[in-house]
Amino acid sequence: MGALKTRDGFTTGLGVLAATLGSAVGLGNIWKFPYLTGENGGAAFILVYIISTLLVGLPVMISEQMLGRRARANAIGTLQKLAPKRQPWWLIGVAGCLAAFLIMAFYTEVAGWVFAYIFKSLTGTILSTDPASTSAEFADMTGSPAQSLIWQWIVLIMIALIAIMGVSKGIERTTKRLMPILFVLLIIVCVRSLTLDGAGEGLDFLLEPDFSKLTGEVVLVAMGLAFFKLSIGMGTMITYGSYFRDDQNIPTTAAKVMLADLTISLLAGIAIFPAVFAFDFNADAGPSLLFITIPAVFASMPLGEIFIVLFFVLTAIAATGAMLSLLEVPIAVLDELTGLSRTSATVITIGLLALVGAPAALSSSTLADFTIADKTMFDLYDYATSNVLLPVGGFFLSVFVGWVWGFDQVKRALSNSGALRNERIIQAFFGTVKFVTPVLVLLVLLDGLNVI
Ligand code: PHE
C-alpha cells in the first residue's frame with residue numbers, strides 16, 4: 001500500500017523555506033534562547049551558541065536534508081535505504097522518533113501555557129507590575145492538573161488537525177501564512193522594547209561577553225540549544241528534506257534557514273532584555289522568564305496590555321510550525337512503514353503523545369515530587385533530548401555522511417547531479433562534516449556530561 005501512494009511534498013521553493021524555517025523557529029527562540037542566555041551570562045553564551053551553530057548545526061542540517069531528499073523516505077527508511085546492508089544506521093531514525101516524542105511531551109505543555117496566556121492577557125488577569133502576583137498566577141495554572149492537561153490536549157488537537165491535511169496543504173500552507181506575521185509582530189515588540197528609557201543595559205548584556213560563566217556544562221547547553229533550535233540530530237530535517245524538490249539548492253536553503261533562525265533568536269533577545277533591565281527585573285529567572293517576568297515587564301510599560309497580546313500570539317505561531325515538524329517524524333514513519341493512512345498515523349501519534357506528555361504536564365502538580373536524577377519529568381525530557389539524544393544523533397549522522405556515504409555521493413546530491421556549480425561549498429561542507437563536526441560534538445558531549 002505505502003509504496004503505491006504518490007508521496008506528498010512541498011510545492012515551491014518558498015514553501016520549502018517557510019516550512020523549514022517554521023520548524024527551526026519556535027519556543028527555542030522565544031522561550032529557551034532568552035532564558036538560557038539570561039541564566040548563563042549573556043553575550044559569552046551567545047558566542048558559543050553561534051560557533052556551535054556554524055560548525056555543528058549547519059553541517060548536520062545540510063546532511064539531513066541531503067539524505068532525506070536522496071532517499072525520499074522517513075527518518076528510519078532513509079537510513080535503511082542509504083546505508084550498506086546489515087549496518088544498523090537506521091537506529092538513528094529510531095532514536096529520532098523517541099526524541100520527537102520526548103520533545104513533544106514538554107513542548108506541547110509550554111505551548112499550552114502560551115495559548116493560555118493569550119487569553120489571560122486579553123482578559124488582563126496576568127497583567128501586574130508585581131512579580132509576586134504574576135508568579136502566583138503562573139503557579140495557579142501549572143499547579144492545576146486539570147488546566148495543565150487540558151491546555152496540552154487543546155494544543156495536540158490543533159496540531160493534529162493541521163497535520164492531517166497533509167504536507168503541502170497542511171504544513172506548507174500554514175507556515176507560509178504564519179511566518180511573515182510572526183516576523184512583523186516580533187519587530188513591533190522589539191521597537192517597543194528598544195525605545196524604553198534604560199534599554200541600553202539590556203543591550204550591553206546581549207553584547208558584552210562575560211567569559212567567567214562558561215563551564216563545560218554551559219558549553220554543552222549552548223551546543224544542545226543549537227541542535228534543538230535547528231531541529232537537527234533526530235530526523236526532522238531528514239523527513240522535511242524528503243519533501244524538498246529536486247531542484248532545491250540544499251546548502252543555500254540550510255544557510256538561509258540558519259541565518260534567519262539566528263536573527264529571530266537575537267530579535268527575541270532584543271524584545272525581552274532591554275525591557276527586563278529597564279524595569280529592573282532579573283534576567284536569570286530560568287524557564288519561567290516568559291511567564292512570570294515578562295507579564296510584569298509588559299505591565300510596567302505604556303500600552304503594555306496590547307504588546308503582551310502580540311507577544312504571546314507570535315510565540316504561539318512560532319511553536320506551531322515547530323510542533324508540526326516534530327509530529328511529522330513519527331507520522332511519516334508510521335505512514336510509510338506500516339502503510340497506515342495519514343489520518344490514522346496522526347491519530348495514533350497524538351494518542352501516544354497524550355500519554356507520554358501527561359507526566360510532563362503534571363510535573364508542577366501531581367508529579368512535582370517525582371524526580372529522576374533530581375529532575376522532574378518535564379526537565380528530564382528536556383535535558384535528555386537537547387543535551388544527549390540530539391547531539392548523539394548528530395554525531396552519528398556526521399560520521400555516516402563523512403565516513404560511510406562518502407564524497408562522491410555527497411557531491412552528486414548537493415550539486416543536484418551536476419546542475420549546480422557549487423564545488424567549493426561542497427568541499428568545505430564535506431571537510432567540516434567529516435573532521436570537525438563529529439570531533440567537536442564528541443568532545444563537548446563527554447566534557448559536558450563529566451565523562452572526561
Ligand atoms: N527548533 C524548534 C524550536 O526552536 C524545536 C524543535 C526541535 C523542532 C527538534 C523540531 C525538532 O523551538
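Residues numbered from 1 in each chain as written. Predicted model: local features only at pLDDT ≥ 70, side-chain atom pairs only at ≥ 80, totals over all residues. Heavy atoms only, no water.

(A) Quick look at helix α1 (residues 13–24). For α1, spanning 12 residues, the distance from its first C-alpha to its last is 17 Å, which sits close to the expected 16 Å at 1.5 Å a residue. Burial of α1 is extensive: nine of the 12 residues sit out of reach of the surface. Turning to α1, its buried residues number three or more, namely G15, V16, A18, A19, T20, L21, G22, S23 and A24. (Helix = DSSP H or I, 4+ residues; strand = E, 2+ residues; numbered from the N terminus. Expected span 1.5 Å × (residues − 1). Buried < 20%, exposed > 50% of the residue type's maximum accessible area, 1.4 Å probe, protein only.)

(B) Fine view of the site of the ligand. Surveying the vicinity of the ligand reveals 16 residues, the closest of which are A24, G28, Y107, F228 and K229. A24 places a polar main-chain atom, nitrogen or oxygen, 2.9 Å from an oxygen atom of the ligand. Between the ligand and Y107, the relevant distance is 2.4 Å, taken from an oxygen atom to a side-chain nitrogen or oxygen of the residue. The fraction of the free accessible surface of the ligand (320 Å²) that becomes covered by protein chains is 100%. Of all elements in the fold, only α1, α2 (27–39), α5 (91–123), α10 (216–229) and α14 (304–338) reach the threshold of two or more residues within the shell around the ligand. Taken together, the residues of the shell around the ligand break down into eight nonpolar, seven polar and one charged. (Near = heavy atom within 4 Å. Polar contact = N/O pair within 3.5 Å; in protein donor to acceptor, adjacent residues only side chain to side chain. Areas by Shrake-Rupley, 256 points an atom, 1.4 Å probe, with all protein chains shown as cover. Nonpolar A, V, L, I, M, F, W, Y, C, P; charged D, E, K, R; others polar.)

(C) Highlighting the environment of L389. Along the chain, the position of L389 falls in helix α16 (residues 377–405). Measuring from C-alpha to C-alpha, the distance between L389 and I92 comes to 9.6 Å, with 297 residues separating the pair along the chain. Discounting chain neighbours no more than four positions away, the residues touching L389 are A95, L98, A99, L102, G233 and A384. (Contact = heavy atoms within 4.5 Å.)

(D) Quick peek at the packing of aromatic side chains. Under the definition given, this model contains 26 aromatic pairs. Cation over ring: K32 sits above F228, and NZ or CZ is 4.2 Å from the ring centre. In this arrangement the basic side chain of K434 is found over the ring face of W403, its NZ or CZ atom lying 4.3 Å from the centre. (Phe/Tyr/Trp six-rings, centres within 6.5 Å; stacked < 30°, edge-to-face > 60°. Lys NZ or Arg CZ within 6 Å of the ring centre and 35° of its normal.)

(E) Summary view of the pattern of salt bridges. The final tally for this structure, using the stated rule, is eight salt bridges. Among the salt bridges present, the one from R7 reaches E336, with a minimum N-O distance of 2.9 Å. You can see R7 sitting in the segment before α1 and its partner E336 sitting in helix α14, a full 329 residues away along the chain. Note on E336: relative accessible area 28%, which makes it partly exposed. K32 serves as the salt-bridge partner of D382, at 2.8 Å between the closest nitrogen and oxygen. Highlighted residues: D382 in helix α16 and K32 in helix α2, separated in sequence by 350 residues. Accessibility expressed as a relative area gives 4% for K32, which makes it buried. (Salt bridge = Lys/Arg side-chain N within 4 Å of Asp/Glu carboxyl O.)

(F) Highlighting a negative patch on the surface. Residues E201, D204, E208 and D280 make up a contiguous surface patch of negative charge. The topology assignment puts D204 in helix α9 (residues 200–207). With a relative accessible area of 38%, D204 lands in the partly exposed category. (Patch = residues over 30% accessible without salt bridge, like charges linked within 9 Å, V, L, I, M, F, W, Y side chains within 5 Å. Lys, Arg positive; Asp, Glu negative; His and termini not counted. Charge placed at Lys NZ, Arg CZ, Asp CG, Glu CD.)

(G) Quick look at the environment of A268. Turning to its location among the elements, A268 is positioned in helix α12 (residues 250–278). Among the residues examined, A268 registers a relative accessible area of 1% and is labelled buried. Sequence spacing of A268 and T125 is 143 residues, and the spatial spacing of their C-alpha atoms is 24 Å. The contacts of A268, once residues within four sequence positions are left out, are N29, I30, P34 and L186.

(H) Quick peek at unusual backbone geometry. Even without glycine at this site, L303 takes up a positive phi of about 65 degrees. With respect to the element layout, L303 can be found in the loop between α13 (293–300) and α14. The phi angle at A373 is positive, at roughly 50 degrees, despite the residue not being glycine. Structurally, A373 is set in the loop between α15 (342–361) and α16.

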